[in-house]
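A structural walkthrough
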Amino acid sequence: LTRATRSPMAADIPVVQRCSSSTSAESTDAGSRVEQKEEEGSGLRLRTQAKLTNEGAPQGESVTEVGQPSTLFSSLESQKKKKNNSPFWNVTSWFPRSKEGAWLTCRVEVDVAWCVVIALGCLIRFWRIHYPPYVLFDEVHFGKFASYYLRREFFFDVHPPLGKLIFAAIGYLVGFDGSFLFDNIGNAFPSTVPYVAMRCVSALAGSLLMPCVFQIMLELGFSHRTAILATVFTLLDNSLVIQSRVIMLDSFLILFTYTSVLCYLKFYHCRYEPFSERWHKWLALTGVSLGLLLGVKYTGLLGLGCVGLLTVCDLWQLIGNPFLQLADLFLHTLLRGLYLLGIPLLVNMALFYIHFSILVYSGPGNAYVSRSFKYSLLVRPIEIN
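1. Quick word on the pattern of salt bridges
Going through the model one piece at a time under the given rule, you end up with seven salt bridges. Taking the shortest distance from any N to any O, the salt bridge between arginine 278 and glutamate 273 comes out at 2.4 Å. Residue class for arginine 278 comes out partly exposed when judged on its relative accessible area of 39%. Aspartate 314 is paired through a salt bridge with arginine 336; the nearest N and O atoms lie 2.8 Å apart. Within this pair, whereas aspartate 314 is found in helix H11 (residues 301-319), its partner arginine 336 is found in helix H12 (residues 326-358), the two being separated by 22 residues in sequence.

2. Here we look at the nonpolar core
Grouped burial of nonpolar side chains is what soluble globular proteins tend to show. Counting residues in hydrophobic clusters, the biggest one holds 50 residues, and the most contacted among them are Phe167, Phe180, Phe182, Phe189, Val193, Phe252 and Val296. Secondary structure elements with two or more residues in this core: helix H4 (139-151), helix H5 (162-173), helix H6 (195-219), helix H9 (250-268), helix H10 (277-296), H11 and H12. Among residues more than four places away in sequence, those in contact with phenylalanine 252 are Gly163, Ile166, Phe167, Val201, Ser202, Ala205 and Val296. If you look at the next biggest cluster of nonpolar residues, it comprises 11 residues, including Ala113, Val117, Met217 and Leu240.

3. Quick notes on the packing of H9 against H11
Put simply, H9 and H11 touch, their axes get as near as 11 Å, and they point 10° apart. By the angle class used here, H9 and H11 are roughly parallel. Seen from H9, the contacting residues are Tyr264, Phe267 and Tyr268; seen from H11, they are Val307, Leu310, Thr311, Asp314 and Gln317. Tallied by class, the residues present in the contact of H9 with H11 amount to five nonpolar, two polar and one charged.

4. Observations regarding unusual backbone geometry
Residue proline 132 is bonded to the preceding tyrosine 131 through a cis peptide linkage, with omega at -5°. By the secondary structure assignment, proline 132 is in the loop between helix H3 (112-126) and H4. The residue arginine 128 is not glycine, and still its phi comes out positive at about 50°. Looking at where arginine 128 falls in the secondary structure, it is placed in the loop between H3 and H4. Arginine 128 sits in the partly exposed class, given a relative accessible area of 47%.

5. With respect to H10
For H10, with 20 residues, the first-to-last C-alpha span of 29 Å sits near the 28 Å given by 1.5 Å per residue. Listed as buried for H10 are Trp279, Trp282, Leu283, Thr286, Gly287, Ser289, Leu290, Gly291, Leu293, Leu294, Gly295 and Val296. Next to the buried residues of H10 lie H5, H9, H11 and H12.

6. Things to note about the packing of aromatic side chains
Evaluated as defined, the whole model comprises 16 aromatic pairs. Relative to phenylalanine 155, the ring of tyrosine 149 has its centre 5.1 Å away and its plane inclined at 90°; by these criteria the two rings are edge-to-face. The pair tyrosine 149 / phenylalanine 155 is uniform in exposure class, with both members buried. In textbook terms, an aromatic cluster arises when at least three aromatic residues are bridged by ring pairs, as seen for Phe142, Phe145, Tyr148, Tyr149 and Phe155. We note arginine 271 situated over the ring of tyrosine 268; from NZ or CZ to the ring centre the distance is 4.1 Å.

Thresholds applied
Residues numbered from 1 in each chain as written. Predicted model: local features only at pLDDT ≥ 70, side-chain atom pairs only at ≥ 80, totals over all residues. Heavy atoms only, no water. Salt bridge = Lys/Arg side-chain N within 4 Å of Asp/Glu carboxyl O. Buried < 20%, exposed > 50% of the residue type's maximum accessible area, 1.4 Å probe, protein only. Helix = DSSP H or I, 4+ residues; strand = E, 2+ residues; numbered from the N terminus. Core = buried A, V, L, I, M, F, W, Y, C linked by side-chain atoms within 4.5 Å. Contact = heavy atoms within 4.5 Å. Axes fitted to C-alpha atoms, helices over the stretch in contact; angles between N-to-C directions. Parallel < 35°, antiparallel > 145°, perpendicular 65-115°, else oblique. Nonpolar A, V, L, I, M, F, W, Y, C, P; charged D, E, K, R; others polar. Expected span 1.5 Å × (residues − 1). Phe/Tyr/Trp six-rings, centres within 6.5 Å; stacked < 30°, edge-to-face > 60°. Lys NZ or Arg CZ within 6 Å of the ring centre and 35° of its normal.

Below is the structure:
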């Protein structure tokens, strides 16, 4: 016994029938019609409602849904998957994208605080650097030595040649011939002397000191606020400002001291990846910085001693490592010796080679050398007008 009830609304509303335990032929026809509509893609959604009520239903009857919606939905999903897997529906499968990453990438990160301290350092040290237009303090010495380089006349000085070679190179690039010898403090500069350019290279070295201090503080584990505070103290230090605004060696000396410490701290942070590319790079840059430091003044030996002490402490920790083999310990010691002693030695030998290659004529330094060395110097020919 089966009683089918249809909603009085439209014929599109799903049919709900109350039937007995055995499904009748009428309910089967209704379910097949609904399934046919879904397969044809009419867009009608099948909504089944099972009202489990006992009105008018005899005892022992159960209410079931006709049309099996779960079966219909699964069939529709399978059809959609078949369409998506078809090459006519998924055109991009004809041209698959490459999963290989880019060969050359460059990720740039800009630290605003780092840029600000450089800008402030340049502003303070380059502001009115042309004033006063007179020979100041030790410009009487280092300006004169730069003139001797440009005249190629031999001279003697207690300091290594790097700082004076830098001033001479700047003078040569701007067309200075070394005719002005910076004889006395307070002498006015002639218009042919590029003293502003020579002062600017010293100011540039003083300005580069700011980011070095900032980065060293970060490498030591301090916060950005503390690093900025230390940089501001260095920025406004009166003695550092004055030394970086005149033709003197101190700005180069301080800069290379800080770069040596910074490079070694970078190397120290690579201790957990020994013999890697970064490990070799920062250790080699430490050696180069120490070589440049010793090429400016021999007081840079203090910087070499500081880095050497840190190296000894590092090696002492390696000796206490029970997992480190003896061959690796020997390699650690050998590479540190080659980079931190061999590179500075080679840099200074190259600087003195350049020094003696330029100074080939007799000059004011003849009184400080042996007679055999004097004979190796050339005599400048006398010009007769």
